[in-house]
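Descriptive structure summary
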Amino acid sequence: MRPYAQMVSVGAYVPEKTLSNRDLERMVDTTDEWITKRTGIQTRHIAAEDEATSDLAYHAAKQAMERAGVGPEAIDLVIVASISGDYLFMPSTACVLAHRLGIKGVGALDVLAACSGFIYALSSAKAYIESGMARCVLIVGAEALSRFVDYTDRGTCILFGDGAGAAVIRASESPENRVVDVKIGADGEFQDFLITPGGGSRHPAHGALDKAHCQFMQMRGNETFKVAVKTLTQDVQTILARNGVSASEIKHFVPHQANYRIIKAVGDALGLSEEQVVMTVAKYGNTSAASIPMALNDLYEAGRLKKGDRLLLDAFGGGLTWGSALLDFAGD
Ligand code: COA
């Protein structure tokens, strides 16, 4: 009989420094009122100068491992989802993180799926465990996005924040409290909706990068917004339908935290109550791959995430990529 995958713990970390809407008013032509009304964001955390993405990931991962009661020797695969890795493109952030955690000699890989990264990592962890190729996988979403934000572009700099979240996914012979289903998708047709154009092989770093600001993230916000609402709604409806689960059976809907209006539109389309929808965007902004595990950790630390709780996760981001997951939490 094949093993099942369980999410047995979560953890998270946010850097100390914050950047409020009022701070941004002094940097670009914007207002606290505009940002709050259009996005729901009030503040975000910013990594210290000496903190890279793997440093944020380390604290989140350590907490998740402690809560799962597993040491470095138990982990047999490390997956880090990030679009703001320590290095471009080598070594991977997963290698740096595994070394710091004392995890030796097992696979470590990065996943590049922007804001959908955590769901992509979860889908890989589930597949590795169910195929018997791994027994205990550490998955992390971690971002130091502030390093790639253009703080002269009011269309993007108000949105993003830094942070990390992690989970331990473990094999179980019992089908109880398992990761029931994960669904991922992508469409490169809209690759320019969210893009960091410079530094790769198309526009190498030795080109005129600074002039064009092309080492920073760029976004076609309004178009992205519309595709996000439509895609996310269809995606969650599909994963619920194919598992015969109704929206009312979901204890916590934990979507990627990009904009409260997107979250509300999807929640309304599913007929979810306010109580079911988890919203952390006000205090963290958009932390891309880190946002879902950070939100899970918030729930956990508030005493609201209990063993057996049915979770629906849902994300959308650059690529374009998207994904959703249905699981029953297996942590204590
Ligand atoms: N402060 C004040 N005005 C701003 C502004 C800011 N920070 N940013 C943009 N504006 C202005 C625009 O210049 C525009 O002005 P104009 O009408 O004079 O041309 C007006 O506000 C409307 O801009 P628009 O981009 O259409 O606003 P919007 O309602 O779409 O909100 C976002 C902008 C970015 C908040 C929204 O599009 C969004 O959240 N998009 C998706 C984000 C997302 O999901 N990202 C990826 C998934 S992770």
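Read on for an overview of the structure.

Considering the packing of aromatic side chains
Centre-to-centre distance and the angle between the planes together describe a pair of aromatic rings. Counted under the stated rule, the structure contains two aromatic pairs. Relative to Phe193, the ring of Phe190 lies with its centre 5.1 Å away and its plane at 50 degrees, an arrangement referred to as tilted. Phe190 sits in the partly exposed class, given a relative accessible area of 25%. A ring pair is formed by Tyr300 and Phe329, whose centres lie 6.4 Å apart and whose planes are at 65 degrees; its orientation type is edge-to-face. Of this pair, Tyr300 sits in helix α11 (residues 291-301) while Phe329 sits in the segment after β13 (321-328), and the two are 29 residues apart along the sequence. Under the relative-accessibility criterion, Tyr300 is labelled partly exposed at 22%. The class of Phe329 is buried, set by a relative accessible area of 1%.

Looking at the packing of helix α3 (residues 53-68) against helix α4 (residues 93-101)
If you want to describe how two helices pack, look at the angle between their axes and the distance between the axes. Direction vectors running N to C along α3 and α4 enclose 50 degrees, while the axes themselves pass 10 Å from each other. By the angle between their axes, α3 is oblique relative to α4. Our pair here, α3 against α4, has a crossing hand that is right-handed. On the side of α3, the interface is formed by Thr53, Ser54, Asp55, Ala57, Tyr58, Ala61, Lys62 and Met65, while α4 contributes Thr93, Val96, Leu97, Arg100 and Leu101. Classifying every residue of the contact of α3 with α4 by side-chain character gives seven nonpolar, three polar and three charged.

Rules behind the numbers
- Residues numbered from 1 in each chain as written.
- Predicted model: local features only at pLDDT ≥ 70, side-chain atom pairs only at ≥ 80, totals over all residues.
- Heavy atoms only, no water.
- Phe/Tyr/Trp six-rings, centres within 6.5 Å; stacked < 30°, edge-to-face > 60°.
- Buried < 20%, exposed > 50% of the residue type's maximum accessible area, 1.4 Å probe, protein only.
- Helix = DSSP H or I, 4+ residues; strand = E, 2+ residues; numbered from the N terminus.
- Axes fitted to C-alpha atoms, helices over the stretch in contact; angles between N-to-C directions.
- Parallel < 35°, antiparallel > 145°, perpendicular 65-115°, else oblique.
- Left-handed = near helix turned anticlockwise from the far one by under 90°.
- Contact = heavy atoms within 4.5 Å.
- Nonpolar A, V, L, I, M, F, W, Y, C, P; charged D, E, K, R; others polar.

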